[in-house]
Amino acid sequence: MKPFLRSQLERYAQRLQELDFLLSREDIMADMAQYRSISREHAEVTAIAGRYARYRQREADLAGAREMLQDPDMAEMAQEEVSAASAELLQLEDELQRLLLPKDPDDERNAFVEIRAGTGGDESALFAGDLARMYTRYAATVGWKVEVMSANESELGGYKEVVLRVEGDHAYGALRFESGGHRVQRVPATETQGRIHTSACTVAVMPEPDEHQAITLNPADLRIDTFRASGAGGQHINKTDSAVRVVHLPTGIVAECQDGRSQHSNKAKALQVLQARIQEKERSERAAKEAALRKGLIGSGDRSDRIRTYNFPQGRFTDHRINLTLYKLLAIMEGDLAEVLQALQHAREAEQLAELGLE
């Protein structure tokens with residue numbers, strides 16, 4: 001193990017003692033926000049310190065086994081231990097390198113998932129509905145909650161545009177690489193000749209801003225319109241102007257919400273989505289500048305990046321960024337996304353390791 005990596009890991013054992021002390025103090029426990037923050041750090045530091053303790057233990061085992069090699073009676077057993085300890089040390093070092101990679105502070109946040117129908121008309125809107133269902137089903141398997149923030153439904157089903165709020169541990173970190181162009185190849189329900197059509201949707205995944213961040217928007221920069229909500233919703237929804245549209249005048253970015261029953265609730269939700277979109281625009285512009293210097297494997301998450309193909313006739317799912325092809329498309333559309341999301345995360349970690357010269 002490289003010396004600088006070992007020195008970093010030694011600090012985690014020390015930090016764990018500090019956090020143990022902080023969590024035992026009554027004043028820390030009285031402040032729930034601070035307590036949650038320290039508890040979260042404690043869990044992360046414990047995981048790293050625990051794996052490093054195991055690494056040191058296996059180092060000691062390896063040193064002891066090598067000494068035993070000098071004894072003819074113990075040589076065979078010692079050689080087995082040398083092989084086992086050496087293999088585990090390599091695995092642990094790789095694991096520890098990944099644990100030490102810099103983390104995006106937004107990864108822990110809830111996420112907004114915005115899906116827009118693109119080329120393909122009604123079929124594209126139906127596919128947008130399928131994607132929304134896929135993410136909703138995956139969320140259910142990991143215990144996340146999904147709320148529809150706004151939806152513009154298509155006449156034949158599906159969505160012209162839908163924004164989902166995904167609430168759960170590490171939601172943004174898990175879904176962030178879903179941003180980009182998703183292409184579908186299949187025979188539409190409306191196709192009478194059995195021909196395969198190609199259509200597309202774009203997905204943008206944005207971290208949910210802090211509760212207090214929406215307040216930082218300058219009211220003078222906003223135009224807020226109210227209108228009568230459309231679509232299903234019973235008698236109430238058509239009688240009051242409860243739907244809200246917010247326009248950010250400097251950028252022209254728009255967000256609307258008509259899901260809630262009260263105008264106040266819809267305004268708060270629309271402001272949250274607006275703030276997320278403004279931040280995403282700034283992030284995309286930064287990523288574009290960085291990409292000009294270095295083209296990342298995963299890409300910038302720009303809507304124009306075609307990242308996926310869903311080929312129904314062949315049952316084939318392909319993520320073009322990491323050359324991942326799986327022949328279990330129907331299972332994926334039912335929310336079986338774990339393998340895909342893990343592969344993307346590992347590809348990003350490999351990128352980071354290469355950048356740090358650790359691979």
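Rules of the game
- Residues numbered from 1 in each chain as written.
- Predicted model: local features only at pLDDT ≥ 70, side-chain atom pairs only at ≥ 80, totals over all residues.
- Heavy atoms only, no water.
- Helix = DSSP H or I, 4+ residues; strand = E, 2+ residues; numbered from the N terminus.
- Buried < 20%, exposed > 50% of the residue type's maximum accessible area, 1.4 Å probe, protein only.
- Contact = heavy atoms within 4.5 Å.
- Pairing = 2+ DSSP bridges.
- Axes fitted to C-alpha atoms, helices over the stretch in contact; angles between N-to-C directions.
- Core = buried A, V, L, I, M, F, W, Y, C linked by side-chain atoms within 4.5 Å.
- Salt bridge = Lys/Arg side-chain N within 4 Å of Asp/Glu carboxyl O.
- Expected span 1.5 Å × (residues − 1).
- Polar contact = N/O pair within 3.5 Å; in protein donor to acceptor, adjacent residues only side chain to side chain.
- pLDDT = per-residue confidence, 0-100.
- Phe/Tyr/Trp six-rings, centres within 6.5 Å; stacked < 30°, edge-to-face > 60°.

A. Highlighting the side chain of Arg58. Tracing the sequence through the fold places Arg58 in helix α3 (residues 32–68). Note on Arg58: relative accessible area 8%, which makes it buried. Sequence-distant contacts of Arg58, that is, excluding residues within four places in its chain, are made with Glu81, Ala84, Ala85, Glu88, Leu89 and Leu92.

B. Representation of the sheet that holds strand β6 (residues 222–227). Across the sheet, which stays open at both edges, the three strands sit in the order β6-β7-β8 with antiparallel pairing between neighbours. Edge positions in the sheet fall to β6 and β8 (253–257), since each of these pairs with one other strand and no more. The sheet shows a mean angle of 15° between the axes of neighbouring strands, direction not considered. When β6 meets strand β7 (residues 243–248), the two strands line up antiparallel, connected through six bridges. Directly across from Asp225, in β7, lies its bridge partner Arg245.

C. Representation of the pairing of strand β9 (residues 306–311). Most of β9 is tucked away, with five of its six residues classed as buried. The sheet contact formed by strand β4 (residues 180–186) and β9 spans five bridges and is parallel. Note that in β9 the partner of His182 across the bridge is Arg308. Across four bridges, the pairing between β9 and strand β10 (residues 316–319) is antiparallel. Counted as the bridge partner of Asn311 is Arg316 from β10. Hairpin connection of β9 to β10: four residues between the antiparallel strands, including Gly315 at a positive phi of 65°.

D. Spotlight on unusual backbone geometry. The phi dihedral of His170 is positive, around 65°, even though this residue is not glycine. With respect to the helices and strands, His170 occurs in the loop between β3 (159–167) and α6 (171–175). For His170, a relative accessible area of 29% corresponds to the partly exposed category. Its identity is not glycine, yet Asn323 carries a phi of approximately 55°, on the positive side. Looking at the secondary structure, you find Asn323 in the loop between β10 and β11 (324–326). Taking the relative accessible area as the measure of exposure, Asn323 reaches 69% and is therefore exposed.

E. Region of the structure containing the nonpolar core. Val113, Ile115, Leu131, Tyr135 and Tyr310 are the most contacted members of the largest nonpolar core, which has 37 residues in total. Looking at this core element by element, the count peaks at eight residues for helix α5 (residues 121–141). Filtering out sequence-adjacent residues up to four positions away, Ile115 remains in contact with Ala128, Leu131, Ala132, Tyr135, Lys160, Glu161, Val162, Cys201, Thr202 and Val203. Among the nonpolar cores identified, the runner-up in size contains 17 residues, and Met206, Val246, Cys257 and Ala270 belong to it.

F. Representation of the sheet that holds strand β2 (residues 145–153) in the model. Strand order in the open sheet formed by eight strands is β2-β3-β1-β5-β4-β9-β10-β11, and the pairing between neighbours is mixed. Two strands lie at the open edges of the sheet, namely β2 and β11, each paired on one side alone. Here the average twist between neighbouring strands, direction ignored, is 15°. Contacting β1 (111–117), β2, β3, β4, β5 (197–207) and β9, α5 runs over the sheet at an angle of about 110° to β4. Those strands touched by helix α10 (residues 338–355) are β9, β10 and β11, and its axis lies near 170° from that of β11.

G. Layout of the pattern of salt bridges. Scanning the model with the defined rule gives 34 salt bridges in all. We note a salt bridge from Arg98 to Asp94, for which the minimum N-O separation is 3.2 Å. In this pair, Arg98 and Asp94 both sit in helix α4 (residues 75–99), four residues apart, roughly one turn of the helix. With a closest N to O distance of 2.8 Å, Asp130 and Arg186 form a salt bridge. Of this pair, Asp130 sits in helix α5 while Arg186 is found in strand β4, placing the two residues 56 residues apart along the sequence. You can call Arg186 buried: its relative accessible area is 12%. Among the charged side chains, a salt-bridge network with shared partners connects Arg54, Arg58, Asp61, Glu81 and Glu88.

H. Just α3, in detail. Taking 1.5 Å per residue as the helical rise, α3 with its 37 residues ought to reach 54 Å, and the 53 Å between its terminal C-alpha atoms agrees with that figure. For α3, every residue scored as buried is listed here: Ile38, His42, Val45, Ile48, Ala49, Tyr52, Tyr55, Arg58, Leu62 and Ala65. Summarising the contacts, the buried residues of α3 are in contact with α1 (3–23), α2 (26–30) and α4. Measuring from the backbone nitrogen of Ala33 back to the side-chain oxygen at the start of α3 gives 3.3 Å, which picks out Asp31 as the cap.

I. Quick look at the confidence of the model for the chain. Counting all residues, the mean pLDDT for the chain is 85, and 89% of those residues have values of 70 or more. Confidence drops under a pLDDT of 50 for residues 232–239, and excluding neighbours within four residues, the segment shows ten contacts in the predicted structure.

J. Just the packing of aromatic side chains, in detail. Per the stated rule, a full pass over the model turns up four aromatic pairs. Plain terms: the ring middles of Tyr52 and Tyr55 are 6.4 Å apart, the flat faces sit at 15° to each other, and that makes the pair stacked. With a gap of three residues between them, Tyr52 and Tyr55 both fall in helix α3, about one helical turn apart. Arranged with centres 5.7 Å apart and planes meeting at 80°, the rings of Tyr138 and Trp144 form a pair that is edge-to-face. Each member of the pair, Tyr138 together with Trp144, is buried. Ring pairs connect the aromatic residues Phe127, Tyr310 and Phe317, which therefore count as one cluster.

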